[in-house]
Amino acid sequence: LVGIMRFSAFPRLVELAEQELLRAADLPYGQLFDHPEIWMPRRHLGIDYFAPARIDELLALETYVPRLGDTSFTLQV
C-alpha cells in the first residue's frame, strides 16, 4: 500500500468544492434539480497534479468563478 489517494478520486473532491461554492452563493446543489431550467453539464475538466495527496491528509480546495457569462460560467478550484 502506497498511502496516496488515487488520482481518480480528485474529480469527486472538485465536485464537493463546487457544491460548497453554490451553497455559499445560496444555491444549494440539491435544489438545483428542482428547477429544470437550470442545467450544469460539464464541458471540460482538467486537473494538474503537483504532488500526491496522502490518505487521511487534510486538503483545502479554494473554488472561485473566474468567468461568468450570460449562459455559462467557469469554475476554478
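Whatever comes next refers back to the structure up there.
Basis of the calculations
- Residues numbered from 1 in each chain as written.
- Predicted model: local features only at pLDDT ≥ 70, side-chain atom pairs only at ≥ 80, totals over all residues.
- Heavy atoms only, no water.
- Helix = DSSP H or I, 4+ residues; strand = E, 2+ residues; numbered from the N terminus.
- Rg over C-alpha atoms; globule rule 2.2 N^0.38 Å.
- Buried < 20%, exposed > 50% of the residue type's maximum accessible area, 1.4 Å probe, protein only.
- Contact = heavy atoms within 4.5 Å.
- Phe/Tyr/Trp six-rings, centres within 6.5 Å; stacked < 30°, edge-to-face > 60°.

### Re the overall build of the protein
- Check the secondary structure of the protein and you find two helices and two strands.
- The helix and strand sequence of the protein, counted from the amino end, reads α-α-β-β.
- What you see for the protein is a C-alpha radius of gyration of 15 Å, clearly larger than the 11 Å of a compact globule of 77 residues, by over 25%.
- Taken along the three principal axes of its C-alpha coordinates, the protein extends 45 × 20 × 20 Å.
- Counting the 77 residues in the protein, one finds 13% classified as buried.
- A fraction of 52% describes how many contacts in the protein between residues 6 or more apart in sequence connect residues 24 or more apart.

### So, the packing of aromatic side chains
- Applying the stated criterion to the full structure yields two aromatic pairs.
- Measuring from centroid to centroid gives 4.5 Å for phenylalanine 7 and tyrosine 49, while their planes differ by 65°, and the two rings are edge-to-face. In this pair, phenylalanine 7 sits in the segment before helix H1 (10-24) while tyrosine 49 sits in the loop between helix H2 (29-32) and strand E1 (64-68), placing the two residues 42 residues apart along the sequence.
- On the basis of relative accessibility, which here comes to 47%, the residue phenylalanine 7 falls in the partly exposed class.
- Ring pairing ties together the aromatic residues Phe7, Phe10 and Tyr49, which thus form one cluster.

### Regarding the side chain of threonine 63
- Assignment of secondary structure puts threonine 63 in the loop between H2 and E1.
- Setting aside its immediate chain neighbours within four residues, threonine 63 contacts Ala17, Glu18, Leu21, Leu75, Gln76 and Val77.

### Observations regarding the environment of isoleucine 55
- Positionally, isoleucine 55 belongs in the loop between H2 and E1.
- Since its relative accessible area comes to 47%, isoleucine 55 is described here as partly exposed.
- As for isoleucine 55 and arginine 6, which are separated by 49 residues in sequence, their C-alpha atoms are 9.1 Å apart.

### Focus on unusual backbone geometry
- A positive phi angle, near 65°, is found at aspartate 26, a position not held by glycine.
- A positive phi angle, close to 70°, is found at aspartate 56, a residue other than glycine.
- Along the chain, aspartate 56 turns up in the loop between H2 and E1.

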